[in-house]
Amino acid sequence: MKKLVLATNNRHKIEEIKTLLQDLSLEILTLHDIPNVPPLVENALTFRENAINKARIVHQHAKLPVLSDDSGIEVFYLNMRPGVRSARYAGERATDVQNYEKLLAETRGVAPRRRKARFRSVVAFVGDGYEDLAEGVCEGTLAEAPRGGNGFGYDPIFIPDGYSQTFGELDENIKNRISHRARSLANIKEILKRRLG
């Protein structure tokens, strides 16, 4: 069975990616399975650069194919912030709640029609002699207060288009069909199959 390393320490992302790739015949490893991986720094200006940089670092260290994701939320009213700073929006060690509370504070009183937002995910797949990228986007709006206990990150305040519930309220199976990460992984699945046989 071919091995694939996920270049993330985020346990929520690991669970989500494993679920989304479960139909592929792969042994999915995490950074916990690879000793002494250098710290993965997300200091680039775009999701694409962050994703490819993380995948390259882990591939050079592990000598195995690597899948990396960089993702976040973009709010049109805030000129697409927080974007690549999503995980650190309220500070380097901020919690999910602190991050989305800051975002809600910045959009308090903004009319519903001006609360458009989108989740964006870029995945990078790096191995010997190849570097592939795929992107997925989920359009929606910001709720005015957090709702629901499912998911992670900004899920409790994001309402995907076509739904009245936030990602925090929606069933995991629905989220795994329509989310930004589901779409980016769907867009790279055929490449994974081809590269990994």
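Higher on the page you've got the structure.
Caption draft 1: Inspection of the packing of helix α1 (residues 11-20) against helix α5 (residues 180-196) at higher detail. One can describe the packing of α1 onto α5 by two numbers: an axis separation of 10 Å at closest approach and a directional angle of 45°. Taken as axis vectors, α1 and α5 run oblique relative to one another. Two packed elements cross with a definite hand, and for α1 against α5 that hand is right-handed. Here K13, E16, I17 and L20 of α1 come into contact with α5, specifically with R181, A182, L185 and K189. In terms of residue class, the contact of α1 with α5 is built from 4 nonpolar, no polar and 4 charged.

Caption draft 2: Structural context of the environment of R183. Inspection of the secondary structure puts R183 in helix α5. The exposure class assigned to R183 is partly exposed, which follows from its relative accessible area of 35%. Each C-alpha atom of the pair R183 and P39 lies 27 Å from the other, and the pair is 144 residues apart in sequence. Setting aside anything within four residues of it in sequence, one finds R183 in contact with E135, G136, V137, C138 and I178.

Caption draft 3: Representation of the nonpolar core. Ranked by size, the top nonpolar core spans 20 residues in total, and within it L21, L67, F125, L185, I188 and L192 carry the most contacts. Looking at this core, the elements with two or more residues in it are β1 (2-6), α1, β2 (26-29), β5 (116-127), β6 (130-142) and α5. Look past the residues within four positions of I188 in its chain and what remains in contact with it is L67, V123, F125, D132, L133 and A134.

Conventions and cut-offs
Residues numbered from 1 in each chain as written. Predicted model: local features only at pLDDT ≥ 70, side-chain atom pairs only at ≥ 80, totals over all residues. Heavy atoms only, no water. Axes fitted to C-alpha atoms, helices over the stretch in contact; angles between N-to-C directions. Helix = DSSP H or I, 4+ residues; strand = E, 2+ residues; numbered from the N terminus. Parallel < 35°, antiparallel > 145°, perpendicular 65-115°, else oblique. Left-handed = near helix turned anticlockwise from the far one by under 90°. Contact = heavy atoms within 4.5 Å. Nonpolar A, V, L, I, M, F, W, Y, C, P; charged D, E, K, R; others polar. Buried < 20%, exposed > 50% of the residue type's maximum accessible area, 1.4 Å probe, protein only. Core = buried A, V, L, I, M, F, W, Y, C linked by side-chain atoms within 4.5 Å.

Read these as spatial facts, not as claims about activity.
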